[in-house]
Amino acid sequence: MNLPRSLRSLIESFEKLPGIGPKTAQRLAFYLLHVPQEQLEEFGEALANLKKNTVLCSIFYNVAEKDPCPVCSDQNRDKSVICVVEQPLDVLALEKTGSFKGLYHVLHGAISPLNNIGPDELYIEQLLDRLTPRVSPITEIILATNPNMEGEATAMYIRKEISNLKSQISNLPRVTRLGQGLPTGADLEYADEVTLSRALEGRREY
Ligand SMILES: [Zn+2]
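Described in the following lines is the structure provided in the data block.

Basis of the calculations
Residues numbered from 1 in each chain as written. Predicted model: local features only at pLDDT ≥ 70, side-chain atom pairs only at ≥ 80, totals over all residues. Heavy atoms only, no water. Pairing = 2+ DSSP bridges. Helix = DSSP H or I, 4+ residues; strand = E, 2+ residues; numbered from the N terminus. Buried < 20%, exposed > 50% of the residue type's maximum accessible area, 1.4 Å probe, protein only. Right-handed = clockwise from strand over helix to strand, strands pointing away. Axes fitted to C-alpha atoms, helices over the stretch in contact; angles between N-to-C directions. Parallel < 35°, antiparallel > 145°, perpendicular 65-115°, else oblique. Contact = heavy atoms within 4.5 Å. Nonpolar A, V, L, I, M, F, W, Y, C, P; charged D, E, K, R; others polar. Arc of directions from axis to C-beta.

1. Concerning the sheet that holds strand β4 (residues 103-106)
Strand order in the open sheet formed by five strands is β4-β3-β5-β6-β7, and the pairing between neighbours is mixed. In the strand order of this sheet, the two ends are held by β4 and β7 (204-205), each with one partner. Both strand β3 (residues 81-85) and strand β5 (residues 140-143) contribute to a ladder of four bridges, which runs parallel. Bridging across to β5, Val 84 finds its partner in Leu 143.

Right under this line is the structure:
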């Protein structure tokens, strides 16, 4: 016996999501059979509008409803410091601490040769572009990539690329890395606010 076509196609869609295997995909699809039609339609609408109603901020590549995003259009932010993170959720986590008043740059991933993600797949070039007026308004770059292998590799690569700009920029920004408190191998987005605040305060020259 074959499953009805609509059920099969939903299962196949779920299977394409990260971390969801065939068993979980089936369970989710069958679960949704018991959900009221109205809720299913809300779910469908949220999916259909997901990309239509969001944009990437053209300055730091955050996910937002409009461009420039609220952070970039906030006149009270310190425009001389850029905090470089892997994901938009990391921006959210750092914003929750309330202890960072600078700007951000979202890379949308980390260098990972195993997954075929090289520097060109990330928004690294765009970060370097933000530094390149001859007299850079940026005085500090905080590398807040995750404290795991990919995050470290990414931080090292960016630090090297920034020092390569020496001939083009007369005042290279200092490069720092988030301080202690963050467990090695952890994800920034799961760190609690106190740990993240401490890591920001304890950032070191990198
Ligand atoms: Zn922005």
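2. Comments concerning the pairing of β3
When you tally the buried positions in β3, you get five out of five residues, the bulk of the element. Residues of β3 alternate between two faces, with Val 81, Cys 83 and Val 85 on one and Ile 82 and Val 84 on the opposite face, all of them buried. After leaving β3, the chain enters helix α5 (residues 88-97) and then returns to the sheet as β4, a path that is right-handed.

3. Focus on the packing of α5 against helix α8 (residues 193-201)
Running from N to C, α5 and α8 point in directions that differ by 90 degrees, and their axes come no closer than 9 Å. By the angle between their axes, α5 is roughly perpendicular relative to α8. Residues Ala 93, Leu 94, Lys 96 and Thr 97 of α5 pack against Glu 193, Leu 196, Ser 197 and Leu 200 of α8. Its residues assigned to classes, the contact of α5 with α8 comprises four nonpolar, two polar and two charged.

4. Some remarks on helix α1 (residues 5-15)
Those residues of α1 not exposed but buried are Leu 7, Ile 11 and Phe 14. Burial along α1 is one-sided: seen end-on, the buried residues are contained in an arc of 60 degrees. α1 presents Arg 5 and Ser 6 as exposed residues on the side facing more than 90 degrees away from its buried surface. Packed against the buried residues of α1 are α2 (22-32).

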